[in-house]
Amino acid sequence: MRKREPFSPTSLPKGIRDYLPDMAVRMRRVEGALSRVFELWGYRKVITPIIEYLDVLALAEPGLLERMFKFEDRVSGKVLALRPDITAQIARLTATHLKLHPKPLRLSYSGTILHYGESSNDSQRVDYQTGLELIGLDLPEADGEVIAISIEALKSTGLTDFKIDVGQVEFFRGVMESLNLLPDQRKEIDSIVARKDRSGLEELLKTLNLNSADEETLLSLPTLFGGRDVLDRADTLKVSGKAKKALENLSGVLDVVESYGLMDYITIDLGEIRDLHYYTGIIFEGFAAGTGESICGGGRYDALLSNYGYDTPATGFAINVETIIKALENQGKMDSGATTDYLLVNCKQDKRDALTIAKYCRSRGISVARDIVKRDMDESKSFAESENIKGLLIVGGESVSNDEITVYNVDSEEKTVHKINDLLDGKVDL
Amino acid sequence: MKDVLTVALPKGRIQKDTMELLERIGISCPEMDGDSRKLIFNLPEEKMRFMVVRATDVPTYVEYGAADIGVVGKDILLEQGKNLYEPLDLKIGYCRMAVAEPEELKKKDNPSEWTHVRIATKFPKITEKYFSEKGVQVELIKLYGSIELAPLVGLSERIVDLVSSGETLKQNGLVEVEQIMEITSRLIVNRASLKTRYERINDLINRLKSEVDKGI
């Protein structure tokens, strides 16, 4: 008999976590910076529910079915699911409530998504995502705008050394469709190209009997990444009309990004095949130096909304806030997460001076927490340090007179003494 | 630090073979040849550093970006199924993955009649996939070493393991019955590293590829 592991009454499910103040503050700051950029580009926030009908969410991407947390609605008997992705919800919301709204629609969102992890890594089942969708346009400028926003948004968080890697799924699809391969062979090439396994592709081609132009095209797929020269290299290949059109489209989108002056942030990869099948054109993914996983992802999904009864093109992307924080930490650019400026210690019998000072500070946007507990000054200092509070305001006390206040900086351990009245008259810089 | 390319190598023969290959394109690290117990070797003039880890850990270091590139056997890549690029077969560390069984059993055994087998192996995923594609039920016994022992003491009937010369099998009275695949070591690359430093990494891949294509 297998014994059941003893169950701890305070444990959390696998891959689920709490965010304590330092982390929660950072998440809010990063999310705030991203959302502000989205606003500056004219995007308006919507809020969608965490739970939906499984069938409705699965319309977007059947592949998400096995990654969703599912449970039953006791009333209707239908299966509910926690959202594993917000794009599908925006598609549903647009196709229902905003169908008659003039186009284009610029919508953004922030929220928690929940899903089982990848088979190789199930330790992350919750993500906090911020993203946007530009709905109703199929012009290259729309994709260019979305890519430009992703760059500006990432820059706004303080991240520097990153790239947006842009591809076009129709190029690969166009190449593959013209080859007349069996489904099994097609699947094998998909997985080889996704791994950029040049050697594996060479081996496989020996068994396929393709003409030399097609062989050349296939062999180039794992190497078609880098700067804008990738497009020139791809142009020399003999490919189908569909693939050619994809290259023209990609080139048009890059022209837009270039006009925004953001090409330094761009890499191109024509061998990138994203897992989600709902993409129908441009796809892109962000990568930061020093962080192994991708920091954002998006692309064009012109067929998604028609699953919900509204045939209109769309493009967008999402950023995982927590991954950005990891990337900022890796680049040494994440701040401490401190939010409280001062701990206010009162050494006098009368509380009125102390509370007047607190009120004054708060009215000036300086955050103050009262040290209500009676304790040694050293204990107050170490409390401030552990709570990530920048300084102490000490009203009264042994070495100063009754109408004086001491400002103590936790980091530098420097002290300055001021008249309380000077502080209240705005003569002291806090 | 950010200009330094970190390479994860598996301790042992693959490490040696990889360094020989790198030497042919002008990258050498003499410090590694000694009896040093260091785990990290810096090569500031090449803006590279090497870390020596267990073979099974190489993909993990690379997937998380703790190393930009690595070298590891195809057996381990297939078994772990990580999200990585593997742009080059270095054609080193050649061996094959095979099903083996005691000589006695082989005399009366017919692999095409297998319906249910009990297999001891270090590679449960590869083994399961191989047999399920043949429609054979497999009972897996995952072991971490000395796989050859399992059939001798009745833990399993057969084993799936790496075979290079076949000497270990022979000494333990085992023979190869089926070959599952040929294995060589691959150059693997972290996805973000390839994107953010494609010029440098691509150049390294191309230089290595032309050496590998020349043969030894």
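For the structure given in this document, a descriptive report is provided here. (Residues numbered from 1 in each chain as written. Chains lettered and ligands numbered in written order. Predicted model: local features only at pLDDT ≥ 70, side-chain atom pairs only at ≥ 80, totals over all residues. Heavy atoms only, no water.)

Things to note about the overall build of chain B
Helices and strands together make up the secondary structure of chain B, namely 9 helices and 11 strands. With respect to the principal axes defined by its C-alpha atoms, chain B has extents near 60 × 35 × 30 Å. Relative to all contacts within chain B whose residues are 6 or more apart in sequence, the contacts with residues 24 or more apart total 67%. Roughly 10,900 Å² of accessible area belongs to chain B as shown, and the carbon and sulfur atoms make up 48% of that amount. (Helix = DSSP H or I, 4+ residues; strand = E, 2+ residues; numbered from the N terminus. Contact = heavy atoms within 4.5 Å. Areas by Shrake-Rupley, 256 points an atom, 1.4 Å probe, with all protein chains shown as cover.)

So, the nonpolar core
If you look at the biggest cluster of nonpolar residues, it comprises 69 residues, and the most contacted ones within it are I147, I164, F171 and I266 of chain A. A total of 8 residues in this core trace back to one element, the largest contributor, which is helix α4 (residues 140-156) of chain A. Every residue in contact with F171 of chain A, bar those within four places of it in the chain, is listed here: L221, L224, A234, V239, A243, A246, L247 and L270 of chain A. Grouped together as the second largest cluster of nonpolar side chains are 32 residues, F50, V52, I69 and V71 of chain B included. (Core = buried A, V, L, I, M, F, W, Y, C linked by side-chain atoms within 4.5 Å. Buried < 20%, exposed > 50% of the residue type's maximum accessible area, 1.4 Å probe, protein only.)

Some details on the packing of aromatic side chains
A full pass over the atoms with the stated rule returns 9 aromatic pairs over all chains. Three or more aromatic residues joined by ring pairs make a cluster, and in this case those are F38, F284 and F317 of chain A. For K196 of chain A, the ring lying beneath its charged end belongs to Y85 of chain B, and the centroid distance is 4.8 Å. (Phe/Tyr/Trp six-rings, centres within 6.5 Å; stacked < 30°, edge-to-face > 60°. Lys NZ or Arg CZ within 6 Å of the ring centre and 35° of its normal.)

Looking at helix α1 (residues 13-24) of chain B
All names here are of chain B. With 12 residues, α1 ought to run about 16 Å at 1.5 Å a step, and its terminal C-alpha atoms sit 17 Å apart, in line with that. Along α1, the positions that sit buried rather than exposed are I14, Q15, D17, T18, M19, L21 and L22. Those residues of α1 hidden inside the fold are in contact with β1 (5-10), β3 (48-53), β4 (69-73), β11 (185-189) and α9 (198-214). G26 sits one or two residues past α1 and shows a positive phi near 90°. (Expected span 1.5 Å × (residues − 1).)

Here's the deal with the layout of surface pockets
Residue and element names in this part refer to chain B. Its volume calculated, the second largest pocket comes out at about 910 Å³. A55, D75, I76, K122 and L162 are, among the 33 residues lining the second largest pocket, the residues nearest its centre. Both domains that meet at the lining of the second largest pocket, namely domain 1 (5-93 + 184-214) and domain 2 (95-182), each give it at least three residues. (1 Å grid on protein atoms, 1.4 Å probe; cavity = no way out; pocket = protein on both sides within 12 Å on 5 of 7 lines; lining within 4 Å. Points joined across faces, edges and corners; volume = space filled by probe spheres on them. Domains from an automatic or database assignment.)

Remarks on the sheet that holds strand β15 (residues 391-395) of chain A
Residues and elements named next belong to chain A. Spatially, the 5 strands line up as an open sheet ordered β14-β13-β15-β16-β17, and their pairing is mixed. Pairing within the sheet leaves two strands with one partner each, and these edge strands are β14 (368-370) and β17 (415-419). Ignoring which end each strand starts from, the neighbouring axes of this sheet average 25° apart. Here strand β16 (residues 404-409) pairs with β17 via 5 bridges, running antiparallel. When the sheet's bridge partners are listed, I405 is paired in β17 with H418. (Pairing = 2+ DSSP bridges. Axes fitted to C-alpha atoms, helices over the stretch in contact; angles between N-to-C directions.)

As for the pairing of strand β13 (residues 342-346) of chain A
All names here are of chain A. Within β13, 5 of the 5 residues are buried, which leaves the element mostly enclosed by the surrounding structure. Residues Y342, L344 and N346 point to one face of β13 and L343 and V345 to the other, with burial holding for every one of them. In this structure, β13 lies alongside β14, joined through 3 bridges in parallel fashion. When the sheet's bridge partners are listed, L344 is paired in β14 with R370. Handedness of the crossover joining β13 and β14 through helix α12 (residues 352-363): right-handed. In the sheet, β13 pairs with β15 via 5 bridges, with the strands oriented parallel. Paired with L343 across the strands is L392, a residue of β15. (Right-handed = clockwise from strand over helix to strand, strands pointing away.)

Structural notes on helix α8 (residues 212-220) of chain A
All names here are of chain A. Within α8 the residues assigned to the buried category are D214, T217, L218 and S220. Buried residues in α8, looked at end-on, bunch into an arc of 165°, giving them a common side. Of the residues in α8, the exposed ones pointing more than 90 degrees away from the buried face are S212 and E216. Elements in contact with the buried residues of α8: α5 (169-177), α6 (183-194) and α7 (198-205). With a side-chain oxygen lying 3.1 Å from the backbone nitrogen of A213, the N-terminal cap of α8 falls on N211. (Arc of directions from axis to C-beta. Polar contact = N/O pair within 3.5 Å; in protein donor to acceptor, adjacent residues only side chain to side chain.)

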